[in-house]
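# Examining the three-dimensional arrangement
If you want the building blocks of each chain, they are given just below.
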Amino acid sequence: MTTLTPPTCRRLQNLQQIPSVWEGDRRPLTDSAAASVGAELKGEGECILWVDGSQAVVRAMDIVPLETGAEAVVRALLQAMEHPHSPALPGRPQKIVVRDRELQFFLRGVLQNLDIVIDYVPDLPLIDEIFKGFQEAASVRPPQLPPAYAKALTEKAYELWDGEPWEILGEHQILAIEINQWDVETLYACVMGMMGMEYGILLYRSLDSLKQFRQQILNQDSSDHMESAFLKQDCMFITFEQTEDETDDETLDLSELPPSEVQPSFGNLHPLERMRSYLYEEEAIACSIAAEALHRFFRQHGKKLSLDHFPAISSRYRIPLAELGIKSKQSQISVQVSTLPDVAAELAALTDDEDEDLDFPVLRDDLVPKDCLRWLEILPWETVELLRKDSGFYQLADTRVEAVGEGLPVVFIQTSQPKAKALIQGLEAAGGLNAICFNPGEDPFAGTTYDLGVLQTNNGELHLFEEFIEENAAYTAARKKWERVCKKTKGYCGLVIAKGVTGASRGQPPVKDMLALMEARSLSAEELGIGPMELKLEIDWV
């Protein structure tokens, strides 16, 4: 059995012993009940509670996955003693009661040096009452959508998903939707998804809110400040996420999933309400009308719009209310949708001004397919010679690389045949491959550091091919070997592009599946002149 360390025991023994009895327990908790106490729960979980029965206060609470061991109960107990929730003060109880025999024996073993009596009781009335309150709070929580509008709004959301507006519009290209009813005048629609990250539509209630958020994001330098800026938005949203049944196989880009594996989510953001993942009746009505109007607008004008072409367009639509499940004295509503080119230019200028202040080049991630396999390998010289003669595409380095050592250090990219050919064509269009580099990078939001695998093309552009987590032991070993062999080749390396990512040769393509070999220089981050890079929210590596 795991026991407390002597220093921890001494620290706890120095706490004042309080003449009180504490109740402790762990109970199953549903997602909705977890949300009622401000916790996010993925799958099945439990809530651990430590309550001072004498003062009727909760000293500690923790939400843990269902499979978490009894050690979590002890961790919560230590928090209850040393760092309790206000207004309780640090202290050590005289007695603890639990309703689980196994937990009683476990705590007796762990706490044997703390002079705490640990007893079993069949019932814990105070904790029973607290959990009853959790469940009641969950039961009165509104559904994500009002039942009368759920079916129609969900259908309209899927119509937007099928239309893929993020394939043509960037987040700075704003559309105005004039409704002028239900206390809604104009909603300003921002389409998310062109970056291949989050997909959805934000419906801002004012242009000021939209502009302020963009300005604050560009000015913030920490994830805490960015969260604060996020919560100050005034908008409704329709976003898309992977269905719960498919979350064990998370896909980086939702657009590659079939519609059956994607589900819409709805919610509201307001500076005084924070974020809630449900809509009230009037909000659902406004979202339904906006979604239908946008669907019609994209169907009519989608071919006229692109990231580089955002002309002034305005169309008015008469939308039958009964089709949206909306009960009203009027049978239809007239809604006007307009592009806002001036606003798009203003928002684009904000980002351009920010980019001009940076000395770092932008690291693009739109060349290498997101669903491909990428790894480092030493390619035997025999295979190198075969590819030089017979591969579909071969690029010679600025000098012929001598066959020294065990082989040529290469980056392998394996994908489908169409995507492999598109990648080769993209590199050709950029003048070919100039160099391969591994550059330090950081995601300040997740607190994660990476080695960014970078391809530099001859037109000077930088393309991300992989984010290698530094703590990954397999990558670290492969990278060390790669660098060691690279010294023998006098800094020369290569890129191999192969097909067959979904076949039997996945991860081990034969020579016949290797469609291209490009030889290039291996450059350090200093030689490439880019330095450490940081992920900017929803923008790019810079």
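Refer to the preceding data block for the structure.
Residues numbered from 1 in each chain as written. Predicted model: local features only at pLDDT ≥ 70, side-chain atom pairs only at ≥ 80, totals over all residues. Heavy atoms only, no water.

## Focus on the overall build of the protein chain
Stated formally: Secondary structure elements are taken from DSSP: a helix is a run of H or I of four residues or more, a strand is a run of E of two residues or more, and numbering for both begins at the N terminus. Here the term buried applies to any residue with accessible area under 20% of the maximum for its type, exposed to any over 50%, and partly exposed to those in between, with areas from a 1.4 Å probe on protein chains only. Any two residues having at least one pair of non-hydrogen atoms within 4.5 Å are treated as being in contact. All accessible areas in this document rest on Shrake-Rupley with a 1.4 Å probe, and a residue is counted as covered only by the protein chains that are shown.
If you tally the helices and strands in the protein chain, you get 14 helices and 23 strands. Here the protein chain, with 542 residues, has 49% of them falling under the buried criterion. Of all intrachain contacts in the protein chain linking residues separated by at least 6 positions in sequence, the fraction that spans at least 24 positions is 68%. When the accessible surface of the protein chain is split by element, carbon and sulfur atoms take 49% of a total near 26,800 Å².

## A look at the packing of helix α3 (residues 71-82) against helix α4 (residues 101-110)
In plain terms, the rule: Only C-alpha atoms enter the line fits that serve as axes; for helices the fit covers just the stretch in contact. Angles between N-to-C directions range over 0 to 180 degrees. Here the word oblique covers every angle except those under 35 degrees (roughly parallel), over 145 (roughly antiparallel) and from 65 to 115 (roughly perpendicular). In this scheme, a crossing is called left-handed if the near helix is turned counterclockwise away from the far one by less than a right angle; it is called right-handed if the turn is clockwise. Classes in brief: Ala, Val, Leu, Ile, Met, Phe, Trp, Tyr, Cys and Pro nonpolar; Asp, Glu, Lys and Arg charged; the others, Gly included, polar.
The geometry of α3 relative to α4 is characterised by a closest axis approach of 11 Å and an angle of 60° between their N-to-C directions. Relative to α4, the element α3 is oriented oblique. Judged by the sense of rotation from one axis to the other, the crossing of α3 with α4 is right-handed. Two secondary-structure elements touch here, α3 through Glu-71, Val-73 and Val-74 and α4 through Leu-103, Phe-106, Leu-107 and Val-110. Residue composition of the contact of α3 with α4, grouped by class: six nonpolar, no polar and one charged.

## Examining the packing of aromatic side chains
This is how it is decided: Put simply, two rings from Phe, Tyr or Trp (the six-membered ring, in Trp's case) pair if the centres are within 6.5 Å, and we call them stacked under 30 degrees between planes, edge-to-face over 60, tilted for the rest.
The tally for this structure, following the rule as stated, stands at 13 aromatic pairs. Ring centres of Trp-161 and Tyr-199 lie 5.7 Å apart, and the angle between their planes is 75°; on these two criteria the pair is classed as edge-to-face. In this pair, Trp-161 is assigned in helix α6 (residues 147-163) and Tyr-199 in strand β8 (residues 199-204), connecting sequence segments 38 residues apart. Ring geometry for Phe-438 against Phe-468: centres 6.1 Å apart, planes inclined by 50°, an arrangement best described as tilted. You can see Phe-438 sitting in strand β18 (residues 433-443) and its partner Phe-468 sitting in strand β20 (residues 462-469), a full 30 residues away along the chain. Of the residues examined, Phe-438 reaches a relative accessible area of 7% and is grouped as buried.

## Brief notes about the sheet that holds strand β3 (residues 57-65)
Counted only if it meets this: Pairing between strands is defined by DSSP: at least two bridges between them are needed.
Spatial ordering of the open sheet is given by β3-β2-β1-β4-β5, a layout of five strands whose pairing is mixed. For this open sheet the edge positions go to β3 and β5 (117-120), each flanked by a neighbour on one side alone. Strand-to-strand twist in this sheet, taken as the mean axis angle between neighbours without regard to direction, amounts to 20°. Where strand β4 (residues 92-98) lies against β5, four bridges are found, and the strand directions are parallel. Across the sheet, Val-98 pairs through a bridge with Tyr-120, a residue of β5. On top of the sheet, α3 reaches β1 (17-29), β2 (45-52), β3 and β4; it is set at about 35° to β2, its chief contact. Docked against the sheet, α4 engages β2, β4 and β5, running at close to 170° with respect to β5.

## Points about the side chain of Asn-268
Selection criterion: Polar contact criterion, stated in full: a pair of N or O atoms within 3.5 Å, where within protein one must be able to donate a hydrogen and the other to accept it, and residues adjacent in sequence count only if both atoms are side-chain atoms.
As for its position among the elements, Asn-268 is in strand β10 (residues 262-270). Side chain to side chain, Asn-268 and Arg-205 meet in a polar contact 2.4 Å long. Excluding anything up to four places from it in sequence, Asn-268 contacts Arg-205, Cys-235, Met-236, Phe-237, Glu-273, Arg-274, Met-275, Arg-276, Tyr-278, Leu-279 and Glu-283.

## Overview of the pairing of strand β13 (residues 332-339)
Buried residues dominate β13, accounting for six of its eight residues. As judged from the four bridges shared by strand β6 (residues 175-181) and β13, these two strands associate in the antiparallel manner. Bridge pairing links Glu-178 to Gln-336 in β13. Judged from the seven bridges that link them, strand β12 (residues 314-320) and β13 form a sheet pairing that is antiparallel.

## Describing the pattern of salt bridges
Definition in use: Salt-bridge detection follows one rule: a side-chain nitrogen of Lys or Arg within 4 Å of a carboxyl oxygen of Asp or Glu.
One pass over the full model with this rule turns up 25 salt bridges. Between Arg-374 and Glu-466 there is a salt bridge, with the nearest N and O atoms lying 3.8 Å from each other. Placement of Arg-374 in strand β15 (residues 373-379) and of Glu-466 in strand β20 is noted, with a sequence separation of 92 residues between them. In this structure, Asp-513 engages Lys-512 in a salt bridge whose closest nitrogen and oxygen atoms are separated by 3.5 Å. Overall, the relative accessible area of 66% leaves Lys-512 in the exposed class.

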